[in-house]
Structures are given as structure tokens and as C-alpha cells.
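Understanding the architecture of this molecule
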Amino acid sequence: MFLGTYEPKLDDKGRLILPAKYRDQLADGLVITRGQERCLFVFPMEEFIRMQEQARQAPLSNRESRNYLRVFLSGAADQEPDRQGRISVPANLRDYAGLERELTVIGAGNRVEIWDRAAWAAFLAEQEQVFAERDEEVIPGVL
């Protein structure tokens, strides 16, 4: 499980050093792709394969499913971190997420998310108040 918040920097070659806490879980390979709210999702390869198998159950006749999978999978890049725990963020994904040098990397349970630091700060500022005021269950049986 991925937890926590980190603030690495993107180097001049478009690489970032994964937080040490995440490296073992991602050492056997990962997939980086577009996420919602203009961030990037990073999945361990095993989790991505599981998700892809589940997605194959969606009917091809459903336009929304087809479109979602097109966007989600067309930007996906599989990688293995190097010895220093670095991964390359492809230019198309950096553009999608508006990534500059300053990043925020968060653990989001089954995935890691990569955000532009300013975008994450704005998102969190907006959502923390909503979170604090929530008085109904959002995730059944959990919160």
C-alpha cells in the first residue's frame, strides 16, 4: 500500500527519484499513465495487469468505456526504476499533468500519484475543507 506525501524534483531529463518507501513495491516494474484531475497515476505492474483484466470485462459497445480506456491506455508507459530509483516521465505525460520541476508525489493506496506541486497545493486546499465537513459516508463501510 502506498501512503504519504513527498516533494521530489524533476531533473533536466524528465526523471524523478521515487520515494525510498515506494521503491520495493515498484522494483519489478510499473506503469505510469494519465490520472484524473490532471495528475499522473503510477501503478505497480501487477496492479496494472489486474486492472486491465478487469477493464476487459467492459462491453465494447459502451462508448464511454471505450473512450475512457483509449485515454487511459494510450498514454501509458511501462518502466523499471533504475538503480537509483529513478523513472522517466514521458514528455506527453509531463505536458498532460503540467509538470515542471517542483513535484508532489502522494501515496493513494494501490497507486502513486504525481502532481505539479502548485496544482497539488491548490487541490488539497480546496478538498481539505470538504473533507473536514463531510458528514455522510463516502466509501461504504470505511468512511
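What comes next concerns the included structure. Keep in mind that what you see is a predicted model, and the values were worked out from it rather than measured. (Residues numbered from 1 in each chain as written. Predicted model: local features only at pLDDT ≥ 70, side-chain atom pairs only at ≥ 80, totals over all residues. Heavy atoms only, no water.)

A tally of regular secondary structure across the chain gives five helices and eight strands. Ordered by position from N to C terminus, the α and β elements of the chain give β-β-α-β-β-α-α-β-β-α-β-β-α. Computed over C-alpha atoms, the radius of gyration of the chain comes to 16 Å, within 12% of the 15 Å expected from 2.2 N^0.38 for 143 residues, which places it in the range of a compact globule. Along the first, second and third principal axes, the C-alpha set of the chain runs to 40 × 40 × 30 Å. Counted over contacts in the chain with a minimum sequence separation of 6, partners at least 24 positions apart contribute 62%. (Helix = DSSP H or I, 4+ residues; strand = E, 2+ residues; numbered from the N terminus. Rg over C-alpha atoms; globule rule 2.2 N^0.38 Å. Contact = heavy atoms within 4.5 Å.)

Turning our attention to the packing of aromatic side chains. Inspection of every chain in the model, using the stated rule, returns 10 aromatic pairs. Between Phe 41 and Phe 43, the ring centres sit 5.9 Å apart and the planes meet at 85°, which makes this aromatic pair edge-to-face. For Phe 41, a relative accessible area of 8% translates into the label buried. Exposure remark for Phe 43: the relative accessible area of 2% places this residue in the buried category. (Phe/Tyr/Trp six-rings, centres within 6.5 Å; stacked < 30°, edge-to-face > 60°. Buried < 20%, exposed > 50% of the residue type's maximum accessible area, 1.4 Å probe, protein only.)

We now examine a negative patch on the surface. Taken together, Asp 28, Glu 46, Asp 78 and Glu 80 make up a surface patch of like negative charges. Within the fold, Glu 46 resides in helix H2 (residues 45-55). (Patch = residues over 30% accessible without salt bridge, like charges linked within 9 Å, V, L, I, M, F, W, Y side chains within 5 Å. Areas by Shrake-Rupley, 256 points an atom, 1.4 Å probe, with all protein chains shown as cover. Salt bridge = Lys/Arg side-chain N within 4 Å of Asp/Glu carboxyl O. Lys, Arg positive; Asp, Glu negative; His and termini not counted. Charge placed at Lys NZ, Arg CZ, Asp CG, Glu CD.)

Glancing now at unusual backbone geometry. Look at Glu 37: it is not a glycine, yet its phi comes out positive at around 55°. Position of Glu 37 among the secondary structure elements: in the loop between strand S3 (30-34) and strand S4 (40-44). Of the residues examined, Glu 37 reaches a relative accessible area of 53% and is grouped as exposed. Unlike most non-glycine residues, Arg 38 shows phi in positive territory, near 60°. Tracing the chain through its elements places Arg 38 in the loop between S3 and S4.

Turning our eyes to something else, we now look at the pairing of S3. Counting buried positions along S3 yields five of five residues, so the element is predominantly enclosed. The pairing of S3 with S4 spans five bridges and is classified as antiparallel. In the strand pairing of S4, Thr 33 is matched with Phe 41. Sheet topology places S3 next to strand S5 (residues 77-79); three bridges connect them, and they run antiparallel. Bridging from a neighbouring strand, Leu 30 pairs with Gln 79 of S5. (Pairing = 2+ DSSP bridges.)

The description of two packed helices rests on the angle between their axes and on the distance between the axes. It is the contact of H2 with helix H3 (residues 63-74), at a shortest axis distance of 12 Å, that shows an interaxial angle of 160°. Overall, the two elements H2 and H3 adopt an arrangement that is roughly antiparallel. Read as a crossing pair, H2 and H3 show a hand that is left-handed. Counting all contacts with H2, which are made through Phe 48, Met 51, Gln 52 and Ala 55, the residues of H3 involved are Leu 69, Phe 72 and Leu 73. (Axes fitted to C-alpha atoms, helices over the stretch in contact; angles between N-to-C directions. Parallel < 35°, antiparallel > 145°, perpendicular 65-115°, else oblique. Left-handed = near helix turned anticlockwise from the far one by under 90°.)

Once that is clear, we can look at helix H5 (residues 117-133). Over its 17 residues, H5 extends 25 Å from the first C-alpha to the last, a length consistent with the 24 Å expected when each residue adds 1.5 Å. Along its length, H5 shows its largest kink, about 25°, at Gln 127. The residue sitting at the N-terminus of H5 and contributing the capping side-chain oxygen is Asp 116; that oxygen lies 3.2 Å from the backbone nitrogen of Ala 118. (Expected span 1.5 Å × (residues − 1). Bend = angle between axes of the 7 residues up to and from the residue. Polar contact = N/O pair within 3.5 Å; in protein donor to acceptor, adjacent residues only side chain to side chain.)

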